[in-house]
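# Residue-level structural notes
Spelled out, the chains give:
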Amino acid sequence: MQKKRLYYAGLVMVSAIWGLNFGFSRLAMDVFDPVLLAFLRFSLAVPFFFILLKWKEKSVGLPLGVLIKLMGIGLIGITLLEIMVLYSIQYTTLANASLLNVAPWPIFAALFAPFITKEKVTARLLIGGAIAMVGVYFIISGGAGFEWSSTHMVGNLMALGVSLIGALFNLVCMPLMRTYSALRISTWYIFFGTLFLFPLTLSSWGKVAWANLGATEYLVVGYNVIFCTVIAFVVWNACMYQVGTARSNFFRYIVSAVAVLMGYMFFKENVDMWQIVGAVFMVGGLIWITFERTPNAVQL
């Protein structure tokens, strides 16, 4: 149990890293188009992944059949998801996009996990996840409610699609991690996802005044590459393999809470009582999940 708590700590750390990046990346959005920033994040990280893989495992290769699978996983889990996240933000409210991009993801993972990875979904997991999801709703919406307007429906559906596809993306990686390391799998699907992302950046390079970039932009890109991608993907996938996809993905709710905190600290965005209540619900739900002594005791 003590070792499992260490994996939970890794999931919390990575979620916090991703949440902090909402604030840091906003600082660079006046300089870089979102797609270009995403491409820089992944493309600059790829050499680090291959160097780390070669150093740690003495080889980098995979069978052709596995590479073809990872090509599809990279196209869906990196390229397609990045595009859908960007357009969901454009075609619906930020609150709607944030909620639908994050909250249903663990629910979909829990629903499909028994069929893809044979994980057992317990009563404690579902209760804790439901409590945490209520908390995330309050954190993101601040009690303002959800916009059901038809003008936002395309964006809403796209954001919901992010959660569905993202959950399936996590789940299909799990069987491969039974044979190959999380580092090897991450390295190759990020490599392929980056290749597919490149053509979408062609119109963005000329918009950047590269000679005028300052320390802030370099630090943001560096944080995206080292912390948000190299460290985060390896640690998340390794911990997810040990804890299980369904249980791990509920820790994504921490991303939203940290992003809201960043908005308050650095961009003077208000934090109201609903968001504080939401944080209490979210933390309570996640603690309830992590203290399950026999995670497979009750199968639903």
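Sequence order as written defines the numbering, with residues in each chain counted from 1. This being a predicted model, a pLDDT of at least 70 is required before a residue's local features are given, and a value of 80 or more before pairs of side-chain atoms are given or counted; all residues contribute to the totals for chains, interfaces and linings. Side-chain figures throughout are based on the complete set of non-hydrogen atoms in the structure, without hydrogens or water.

A few words now on the confidence of the model for the protein chain. In the predicted model, the protein chain carries a mean pLDDT of 82, and the fraction of residues at 70 or more is 87%. Per residue, pLDDT measures the predictor's confidence, with a range of 0 to 100. Secondary structure elements are defined from DSSP: runs of H or I of at least 4 residues count as helices, runs of E of at least 2 residues count as strands, and each element is numbered from the N terminus. Of all the helices and strands in the protein chain, helix α4 (residues 94–102) carries the lowest mean pLDDT, 66, while helix α8 (residues 182–197) carries the highest, 94. Between two residues, a contact is recorded if the distance between any of their heavy atoms is within 4.5 Å. Per-residue pLDDT stays below 50 along residues 294–300; that stretch engages in 14 contacts with residues further than four places along the chain or on separate chains.

Turning next to the packing of aromatic side chains. For this analysis, a ring pair means two rings from Phe, Tyr or Trp (six-membered ring only for Trp) whose centres lie within 6.5 Å, classed as stacked if their planes differ by under 30 degrees, edge-to-face if by over 60, and tilted for the remaining angles. Tallying each qualifying case throughout the model produces 16 aromatic pairs. Seen from their ring centres, Trp18 and Trp236 are 5.3 Å apart, and the 45 degrees between their planes marks the pair as tilted. You can see Trp18 sitting in helix α1 (residues 2–28) and its partner Trp236 sitting in helix α9 (residues 215–243), a full 218 residues away along the chain. Only protein chains enter the calculation, and the probe is 1.4 Å; a residue is then buried if its accessible area is under 20% of its type maximum, exposed if over 50%, and partly exposed in between. The exposure class of Trp18 is buried, given its relative accessible area of 13%. Take Trp236: its relative accessible area is 2%, and that puts it in the buried class. Measuring from centroid to centroid gives 5.9 Å for Phe39 and Trp205, while their planes differ by 80 degrees, and the two rings are edge-to-face. Here Phe39 is found in helix α2 (residues 34–57), whereas its partner Trp205 is found in the loop between α8 and α9, with 166 residues between them in sequence. Three or more aromatic residues joined by ring pairs make a cluster, and in this case those are Trp18, Phe42, Phe169, Tyr189, Phe233 and Trp236.

Backbone geometry at Lys58 places phi at a positive 70 degrees, although glycine is not the residue there. Inspection of the secondary structure puts Lys58 in the loop between α2 and α3 (64–91).

A few words on the packing of helix α5 (residues 104–116) against helix α7 (residues 153–177). It is at 8 Å that the axes of α5 and α7 come closest, and there the two elements cross at 40 degrees. Between α5 and α7, the angle falls in the class oblique. The two elements α5 and α7 meet at a crossing, and its hand is right-handed. Each of Pro104, Trp105, Phe108, Ala109, Phe112, Ala113 and Ile116 in α5 lies in contact with α7, whose residues at this interface are Leu160, Val162, Ser163, Leu164, Gly166, Ala167, Leu168, Asn170, Leu171 and Pro175. Each residue receives one of three labels: charged for Asp, Glu, Lys and Arg, nonpolar for Ala, Val, Leu, Ile, Met, Phe, Trp, Tyr, Cys and Pro, and polar for the others, Gly being one of them. Class assignment of the residues belonging to the contact of α5 with α7 gives a composition of 14 nonpolar, three polar and no charged. The convention used is that axes are lines fitted to C-alpha atoms, helices contributing only their stretch in contact, and that angles between N-to-C directions extend from 0 to 180 degrees. Under this scheme an angle from 65 to 115 degrees is roughly perpendicular, one under 35 degrees roughly parallel, and one over 145 degrees roughly antiparallel; angles in between are oblique. Crossing handedness is read from the near helix: turned anticlockwise from the far helix by less than a right angle, it gives a left-handed crossing, and turned clockwise, a right-handed one.

The seven residues ending at a residue and the seven starting there each receive a fitted axis; the angle between those axes is the bend at that residue. Residue Ala232 marks the point of greatest curvature in α9, where the axis turns by about 40 degrees. Looking one or two residues beyond α9, the residue adopting positive phi is Gly244, at roughly 110 degrees.

Considering the arrangement of structural elements, one finds Trp105 in helix α5. In this structure Trp105 comes out as buried when scored by relative accessible area, which is 8%. A sequence separation of 56 residues divides Trp105 from Gly161, and the C-alpha atoms of the two residues are 9.3 Å apart. A distance of 2.9 Å separates a polar atom in the side chain of Trp105 from a polar atom in the side chain of Asn249. Pairs of N or O atoms within 3.5 Å make up the polar contacts considered here, provided that, within protein, one atom can donate a hydrogen while the other can accept it, and that residues adjacent in sequence are counted only when both atoms are side-chain atoms.

All right, on to the environment of Ile107 then. Position of Ile107 relative to the elements: it lies in helix α5. The sequence separation of Ile107 and Ala130 amounts to 23 residues, and the corresponding C-alpha distance is 8.6 Å. Residue contacts for Ile107: discarding those within four places in its chain leaves Met133, Phe250 and Tyr253.

A few words on a nonpolar patch on the surface. Taken together, Leu111, Phe112, Phe115, Ile116, Leu164 and Val172 make up a surface patch of nonpolar side chains, about 520 Å² in accessible area. Elements supplying a minimum of two residues to the nonpolar patch: α5 and α7. In terms of residue count, α5 provides more of the nonpolar patch than any other element does, four residues in total. Locating Leu111 in the fold gives a position in helix α5. Residues enter a patch when their relative accessible area is above 30% and they make no salt bridge; the linking distance is 9 Å between like charges and 5 Å between nonpolar side chains (Val, Leu, Ile, Met, Phe, Trp, Tyr). To be clear on the numbers: accessible area is Shrake-Rupley with a 1.4 Å probe, and residue cover counts the displayed protein chains and nothing else. What makes a salt bridge here is a side-chain nitrogen of Lys or Arg within 4 Å of a carboxyl oxygen of Asp or Glu, nothing more.

What follows concerns the packing of α8 against α9. Direction vectors running N to C along α8 and α9 enclose 130 degrees, while the axes themselves pass 9 Å from each other. Relative to α9, the element α8 is oriented oblique. By crossing handedness, the relation of α8 to α9 is classed as right-handed. On α9, the residues touching Ala182, Leu183, Ser186, Tyr189 and Ile190 of α8 are Thr229, Phe233, Val234, Asn237 and Ala238. Partitioning the contact of α8 with α9 into residue classes produces seven nonpolar, three polar and no charged.

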